[in-house]
2 protein chains.
Amino acid sequence: MPEERIWTAALLVIGDEILSGRTQDKNVAQIAKWLNLQGIRLAEVRIVPDVTEKIAAAVNALREAHDYLFTTGGIGPTHDDITVDSIAAALGVPVVVHPKARATLEAYYAPRGGVTDARLRMARVPQGAELIDNPMSGAPGIRVGNIFILAGVPHIATVMLEALSGTIEGGRPVLSKTIGSYTPESEVAEILREVEAAHPGTQIGSYPFFREGRVGANFVVRATDPALLDACAEDLARRLSADGREVRDEVA
Amino acid sequence: MPEERIWTAALLVIGDEILSGRTQDKNVAQIAKWLNLQGIRLAEVRIVPDVTEKIAAAVNALREAHDYLFTTGGIGPTHDDITVDSIAAALGVPVVVHPKARATLEAYYAPRGGVTDARLRMARVPQGAELIDNPMSGAPGIRVGNIFILAGVPHIATVMLEALSGTIEGGRPVLSKTIGSYTPESEVAEILREVEAAHPGTQIGSYPFFREGRVGANFVVRATDPALLDACAEDLARRLSADGREVRDEVA
């Protein structure tokens, strides 16, 4: 069997509001799950402040290391929205007003006071970019090369991801099966290790929890091949049961 | 006035469960807020998978670029817990069993089946390390050089942070004041820019929201100097009011 090509993406979260702890990020999880549906693995995330040099350095490191780079945040109309300028600087291209983005904003803001200089900032893109539809609030996302520039507000990022669904090449999604057990993970560590080693092409993660006064863990088996996944998960359940351990569905 | 020394930290989140989207990270926000109380700014976050080379490369990049590096995740008893080994590899030191950690685990597990090989993994540290107390579940956190190795489970990370409070040198915390307004941020972008420019030593972030069918934004003024903070926030409120804008407390 030829080795399977694995497609990877990085995510760059841009924003002082995340690094200050003021805002709880929700884009990492939603983009991770969306990427997996496209057959692409989220392989690295970085969170950087609203500083051009920090953004540009991270953009260049990540776009070269991965098939795709997604960014969230910093594409609004105010002075702290510097993502487009920073990415253009990273790419060494000028910033231009995209005619279609300008037309979209003019239509969106016609009944809302018209397009001002601040609003026109949201039509600015790195030269050579295409737009990503935003039916929610007018200001589009941006694709330039292998970089996808999304909004930071999670529900606007969601609609931009929906617009991109099925348009980006990937491989096979990672499949998973979860076994939960009210067993301390330290008591079954050797079983986990042996079962993973016996099933090449699978991985087992162990995630402990504390519920209703008892400790336990969810064991997550991951693989891209459904037959490998099933065989590993069945073997793990059998080995845990043979060791006298409870085996149940994921404990949420 | 001499330039103020700014202390910075990076956070490295280690774990396939975050990158797969299965688990919502909560450590970035809690560590960011805790660091600010210590007078240290969270300047960068990276999230990497459970892969030794990825962890070690990020550790070396981040510990050199910042005063402190915090890590979360991967310090439990199972095969996928490779943080200690990866950090030791990054530092070029061996992994050793810490006698006090071993004694702590022996006491903790005496009524819980005793210390097994798997549980003894949690006493392993990079050579030269000190321990960080964990009154919650026995297995300690680890400090080695400027690196602080914390648990991934958020409430265990919390008690480790409590154990560290006041023990790490920092500068002045970043203070903030928030003004909320049911005003589209694009209509006041010029005011925000001008007020920030008029108050060196302050920053203004604009965070839009959509509530009860209306758009608005929270404007967050940040500074380490309380007098600068107050002057900037008062000027912003005055300018917004003079422009006919509603000014209220933060819209949560």
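1. Quick notes on the overall build of chain A
When helices and strands are tallied, chain A shows nine helices and 12 strands. Looking at chain A residue by residue over its 252 residues, the buried ones come to 48%. In chain A, of all internal contacts separated by at least 6 residues, the share reaching a separation of at least 24 is 68%.

2. Topic: helix α4 (residues 83–91) of chain A
Among the residues of α4(A), A:Thr83, A:Val84, A:Ser86, A:Ile87, A:Ala88 and A:Ala90 are the ones counted as buried. One or two steps after α4(A), the chain reaches A:Gly92, where phi turns positive at roughly 70 degrees.

3. Description of the interface of chain A and chain B
Between chain A and chain B, the residue contacts involve 44 residues of the former and 44 residues of the latter. Listed by contribution, the elements that provide at least two residues to the side of chain A that touches chain B are α1 (16–19), α2 (27–37), β2 (40–48), α6 (117–120), α8 (189–198) and β10 (203–211) of chain A. Ranked by residues supplied to the side of chain A that touches chain B, first place goes to β2(A) with seven residues. Its residues assigned to classes, the side of chain A that touches chain B comprises 19 nonpolar, 11 polar and 14 charged. Sheet analysis places β2(A) next to strand β2 (residues 40–48) of chain B, joined by three bridges and oriented antiparallel. For A:Val45, the partnering residue across the bridge sits in β2(B) and is B:Ile47.

4. Structural notes on the pairing of strand β3 (residues 68–72) of chain B
Walk down a regular strand and you will see the side chains alternate between the two sheet faces. Residue and element names in this part refer to chain B. Here β3 lies mainly inside the structure; five of its five residues are buried. Alternating residues of β3 divide into Tyr-68, Phe-70 and Thr-72 and Leu-69 and Thr-71, and every residue in both groups is buried. In this sheet, β3 lies alongside strand β1 (residues 7–14) in parallel orientation, the contact comprising five bridges. If you follow Ala-10 over to β3, its bridge partner there is Leu-69. The pairing of β3 with strand β8 (residues 147–150) spans four bridges and is parallel.

5. Let's talk about the sheet that holds strand β12 (residues 248–249) of chain B
Residue and element names in this part refer to chain B. Taken together, four strands build an open sheet; the order of strands is β10-β11-β9-β12 and the sheet is antiparallel. Each of the sheet's edge strands pairs with one partner strand only, and the pair in question is β10 (203–211) and β12. As defined by bridge partners, β10 adjoins strand β11 (residues 214–223) across nine bridges and the pair is classed as antiparallel. Within the sheet, the bridge partner assigned to Gln-203 lies in β11 and is Arg-222.

6. Observations concerning the domain arrangement of chain A
As assigned here, chain A comprises domain 1 (7–164) and domain 2 (175–249). Once you take the C-alpha centre of each, domain 1 of chain A and domain 2 of chain A turn out to be 38 Å apart.

7. Brief notes about the nonpolar core
By size, the foremost hydrophobic cluster in this structure holds 101 residues, and its most contacted members are A:Ala9, A:Leu11, A:Leu12, B:Ala9, B:Leu11 and B:Leu12. Excluding residues that lie within four positions of it along the chain, B:Leu12 makes contacts with B:Arg46, B:Val48, B:Ala58, B:Val59, B:Leu62, B:Leu69 and B:Thr71.

8. A closer look at the environment of A:Pro135
Mapped onto the elements of the fold, A:Pro135 is located in the loop between β6 (130–132) and β7 (141–144). Given 11 C-beta atoms within 10 Å, A:Pro135 falls into the exposed group.

Cut-offs and rules
- Residues numbered from 1 in each chain as written.
- Chains lettered and ligands numbered in written order.
- Predicted model: local features only at pLDDT ≥ 70, side-chain atom pairs only at ≥ 80, totals over all residues.
- Helix = DSSP H or I, 4+ residues; strand = E, 2+ residues; numbered from the N terminus.
- Buried ≥ 20, exposed ≤ 12 C-beta atoms within 10 Å, placed from the backbone.
- Contact = placed C-beta atoms within 7 Å.
- Nonpolar A, V, L, I, M, F, W, Y, C, P; charged D, E, K, R; others polar.
- Pairing = 2+ DSSP bridges.
- Domains from an automatic or database assignment.
- Core = buried A, V, L, I, M, F, W, Y, C linked by C-beta atoms within 7 Å.

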